[in-house]
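Summary of structural features
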Amino acid sequence: MTNLLAAASSGSQDPLIPTITELIIGSIAFLVVFGTLGKLLLPRIQKTLQERTDQIEGGLDRAEEAQAEAARVLEQYRRQLAEARHEAARLREEAKEQGAQIIAEMRTEAQAEARRLAEAANAQIEAERQQALISLQAEVGALATDLASRIVGESLQDEARQSRVVDRFLEDLEQRGGIGARASR
Amino acid sequence: MIGDVQVAAAGSGGCHIFSGCGFPAPSLDSFDFTPIFSIGSFHFTKPMLIAVLCAAIVIVFFGFAFRKPKIVPRGVQNLGEVALFAVRDQILRPSLGKRGDHFLPFLMSLFFFIWFMNLMEIIPFFQFPAMSRSGFPWSLVAMVYLTYLYLGFKNQGFVGYFKNMIPRDVPTWVLGLLVPIEFLRYFFIQPFTLGVRLFANMFAGHLLLLIFTLSTWYLASLSIGLVYAATSAVMVLAVTVLEALIQLLQAFIFTTLTAVYIADSLEAGH
């Protein structure tokens, strides 16, 4: 410290007092820096920063819009999907009903057909039986008469007598057959 | 420091401890340089070279960073933007708010010019904080001083600026004391402390580094002195780290106070 004081008093200038050349050079150097930064460089970067802010804000807005749009579309799709499901369920139900109806219809139709067929068969059988009965009656009559005339030797040409005899014989036959059948049981 | 050490060593004739010569302590002469060249009575010295160089470095750096700025920053632009945001958000906005954004060029120029000038203390080959030559801090203080006085008179009116210096609701008898104090504060104390703080910090820092580097040189002899020299060398490293911090801090303080003074001028404080 004494060294410093000694140096200060021994001719060296007071360090707090500036030299004029340094003041001037310092001022000029600073002003050149200030001028270049203030007029040339910082306006550019500040413009860029402003643009960046705008773009980011714009980007955020666009993203928000897109999100809203997506949500809207999703909602729409969900609604459509629900509608489609509903429709499908309805169609299935309808098809089921229709199927049941068709089956029922076919069943009744088939039943009616079967009944008709059975009735027709019955009627035919009856008719054939009647026919057979009639032809049998005539044939049996003729046969019996023939046999009887051969056995008895008596001509049974007379119509009336012939039919009377045939009837009586048949009655007998029936009675006997009926008794026989009952006895055999 | 190497250059200075060698100069000092040469000056003291390679003087070491136990060789019968005293410690060549640094003095004000350590802050005086022989001119690099002279034009008439104008002497261009090392501190001036550093000042010109620092201005160039600031311009070149921000030139590269902001010459063709991109929306999506690349390379140096990233670094430049970090620098810009640091000054804007840590220095400008706290005292001036968003409305003070047009002072950003002024504050950025101040901060980086001062910081680089200070940094030169620990940059090899330069190793001298230009701000320890008082002409440089005073030239900056002059600009800050004129700026905040101009803004004060412009925004508050000539009479209003003086009036607003005095806090309201003060008992009349205090005014006798307060008026001169506040007047002194705005017109003399603020600029004086602003300049001296920066100058003295850099001056003292350089002196401190000089003392330990010169000691290292002085103590280095083939004796127990080597141990002292090693200790001194460790101190050089420690002080260098400390100085690196102080250089940034002083640039920050100078710029922050400038922002505060400007804010004071834009509207009545208190």
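Residues numbered from 1 in each chain as written. Chains lettered and ligands numbered in written order. Predicted model: local features only at pLDDT ≥ 70, side-chain atom pairs only at ≥ 80, totals over all residues. Heavy atoms only, no water.

1. What about the overall build of chain A?
As a reminder, the rule being used: Segments assigned H or I by DSSP are reported as helices when at least four residues long, segments assigned E as strands when at least two residues long, and all are numbered from the N terminus. Only protein chains enter the accessibility calculation, which uses a 1.4 Å probe; a residue is then buried when its area is under 20% of its type maximum, exposed when over 50%, and partly exposed in between. Computed with a 1.4 Å probe, the accessible areas rest on the Shrake-Rupley method; for each residue, only the protein chains presented here act as cover.
Of regular secondary structure, chain A possesses 3 helices and 0 strands. The helix and strand sequence of chain A, counted from the amino end, reads α-α-α. Looking at chain A as a whole, 14% of its 185 residues are labelled buried. With an accessible surface of roughly 14700 Å², chain A has 58% of that area assigned to carbon and sulfur atoms.

2. Observations concerning the overall build of chain B
Rule in force here: The contact criterion used is simple: two residues touch if any of their non-hydrogen atoms lie within 4.5 Å. Two residue types count as positive, namely Lys and Arg, and two as negative, namely Asp and Glu; His and chain ends fall outside the count. Positions of charges follow a simple convention, taking NZ of Lys, CZ of Arg, CG of Asp or CD of Glu.
Regarding its fold elements, chain B presents 8 helices and 2 strands. Along chain B, from the amino end to the carboxyl end, the secondary structure elements read α-β-β-α-α-α-α-α-α-α. Per-residue burial over chain B gives 47% buried out of 270 residues. If you take every contact in chain B between residues at least 6 apart in sequence, the share linking residues at least 24 apart comes to 70%. Surface summary for chain B: the accessible area is close to 12800 Å², and the carbon and sulfur share equals 74%. The distance from the centre of the 15 positive side-chain charges to the centre of the 12 negative ones in chain B is 12 Å.

3. Observations regarding the packing of aromatic side chains
Residues and elements named next belong to chain B. For clarity, the threshold we go by: Classification of ring pairs uses Phe, Tyr and Trp, with its six-membered ring standing for Trp, and accepts pairs whose centres are within 6.5 Å; under 30 degrees between planes counts as stacked, over 60 as edge-to-face, and the remaining range as tilted.
On inspection of all chains with the given rule, the structure shows 30 aromatic pairs over all chains. Pairing Tyr 148 with Tyr 261 gives two aromatic rings, centres 5.4 Å apart and planes at 55°, and the pair type is tilted. Of this pair, Tyr 148 sits in helix α5 (residues 135-156) while Tyr 261 sits in helix α8 (residues 225-266), placing them 113 residues apart in sequence. Residues Tyr 148 and Tyr 261 agree in their burial class; the two are buried. With a centroid separation of 5.2 Å and an interplanar angle of 65°, the aromatic rings of Phe 158 and Phe 162 are classed as edge-to-face.

4. Describing the confidence of the model for chain A
All names here are of chain A. For clarity, the threshold we go by: Confidence scores labelled pLDDT are given residue by residue by the predictor and lie between 0 and 100.
Looking at chain A, pLDDT values average 84 and 85% of them are 70 or higher. The least confident element of chain A, judged by mean pLDDT, is helix α1 (residues 2-9) at 43; the most confident is helix α2 (residues 20-152) at 92. Residue range residues 1-11 is modelled with pLDDT below 50. Its contacts to residues more than four positions away, or to other chains, number 9 contacts.

5. Some thoughts on the interface of chain B and chain A
Where we set the bar: Buried surface area refers to the total accessible area, computed with a probe of radius 1.4 Å, that the two partners give up upon joining, counted for both partners together. The rule for a salt bridge is simple: a side-chain nitrogen of Lys or Arg has to be within 4 Å of a carboxyl oxygen of Asp or Glu. Residues adjacent in sequence count toward polar contacts only when both atoms are side-chain atoms; beyond that, a polar contact is any pair of N or O atoms within 3.5 Å, and within protein one must be able to donate a hydrogen and the other to accept it. When residues are sorted by character, Ala, Val, Leu, Ile, Met, Phe, Trp, Tyr, Cys and Pro go into the nonpolar class, Asp, Glu, Lys and Arg into the charged class, and all the rest, Gly among them, into the polar class.
The interface is formed by 48 residues belonging to chain B together with 36 residues belonging to chain A. Buried area between chain B and chain A, summed over both chains or domains, comes out near 3600 Å², and the portion from carbon and sulfur atoms is 76%. Summed over the three residues of chain B that lose the most area to chain A, namely B:Leu28, B:Ile59 and B:Ile71, the buried surface amounts to 18% of that side. If you look at where chain B meets chain A, you find 2 salt bridges. For the interface between chain B and chain A, the tally reads 7 residue pairs in polar contact (both at pLDDT 80 or more). Among the elements that make up the side of chain B that touches chain A, the one with the highest residue count is helix α2 (residues 46-66) of chain B (10 residues). Grouping the amino acids of the side of chain B that touches chain A by side-chain chemistry returns 33 nonpolar, 8 polar and 7 charged.

6. Some words on helix α6 (residues 158-165) of chain B
All names here are of chain B. Formally: Picture the helix axis, draw a direction to every C-beta atom, and the arc is the one those directions span.
All of the buried residues in α6 are Gly 160, Tyr 161, Asn 164 and Met 165. Axial view of α6: buried residues confined to an arc of 140°, hence all on one face. Set apart from the buried face of α6 by more than 90 degrees, the exposed residues are Phe 158, Val 159 and Lys 163. Contacts made by the buried residues of α6 are with α5, α7 (172-219) and α8.

7. Structural notes on the environment of B:Gly100
Relative to the elements of secondary structure, B:Gly100 occurs in the loop between α3 (76-96) and α4 (104-119). Considered as a pair, B:Gly100 and B:Ile262 are 162 residues apart in the sequence and their alpha carbons are 9.1 Å apart.

8. Regarding the environment of B:Leu84
For B:Leu84, the position within the fold is in helix α3. Taking the C-alpha atoms as reference points, B:Leu84 and B:Leu104, separated by 20 residues in sequence, lie 8.4 Å from one another. Beyond its immediate stretch of four places on either side in the chain, B:Leu84 contacts A:Leu42, A:Ile45, A:Leu49, B:Phe66, B:Leu104 and B:Met108.

9. Describing the confidence of the model for chain B
Residues and elements named next belong to chain B. Averaged over every residue, the pLDDT of chain B is 88; the share at 70 or more is 94%. Looking at the elements of chain B, mean pLDDT is at its lowest for helix α1 (residues 2-11), recorded as 47, and at its highest for α4, recorded as 96. Across residues 5-12 the pLDDT falls below 50, and counting only partners more than four positions away or on other chains, this stretch makes 8 contacts in the model.

10. Here's the deal with a negative patch on the surface
Note the cut-off: Patch definition: residues with relative accessible area over 30% and no salt bridge; like charges joined within 9 Å; nonpolar side chains (Val, Leu, Ile, Met, Phe, Trp, Tyr) joined within 5 Å.
On the surface, a cluster of negative charge is contributed by A:Asp54, A:Glu57, A:Asp61, A:Glu64 and A:Glu65. Considering the arrangement of structural elements, one finds A:Glu65 in helix α2.

11. So, the packing of α5(B) against α8(B)
Residue and element names in this part refer to chain B. Going by this rule: Each axis is a line fitted through C-alpha atoms, taken for helices only over the stretch in contact, and angles between the N-to-C directions span 0 to 180 degrees. Oblique is the label for any angle not covered by the other classes, which are roughly parallel (under 35 degrees), roughly antiparallel (over 145) and roughly perpendicular (65 to 115). The handedness criterion is simple: a crossing whose near helix is rotated anticlockwise from the far helix by less than a right angle is left-handed, and one whose near helix is rotated clockwise is right-handed.
Packing of α5 against α8 leaves a shortest axis separation of 7 Å and a crossing angle of 20°. In this view, α5 runs roughly parallel relative to α8, as classed from their interaxial angle. Considering the relative orientation of α5 and α8, their crossing is right-handed. Of the residues in α8, those touching α5 at Leu 140, Val 141, Val 144, Thr 147, Tyr 148, Leu 151, Gly 152, Asn 155 and Gln 156 are Phe 254, Thr 258, Tyr 261, Ile 262, Asp 264, Ser 265 and Leu 266. For the contact of α5 with α8, a count of residues per class yields 9 nonpolar, 6 polar and 1 charged.

12. Observations regarding a nonpolar patch on the surface
Side chains of A:Ile20, A:Ile24, A:Ile28 and A:Val32 sit close together on the surface and give an oily, nonpolar patch of about 380 Å² of accessible area. Here A:Ile28 is to be found in helix α2.

13. Considerations on the side chain of B:Thr213
Mapped onto the elements of the fold, B:Thr213 is located in helix α7. Among the polar contacts made by the side chain of B:Thr213, one reaches the main-chain carbonyl oxygen of B:Leu209 at a distance of 2.6 Å.

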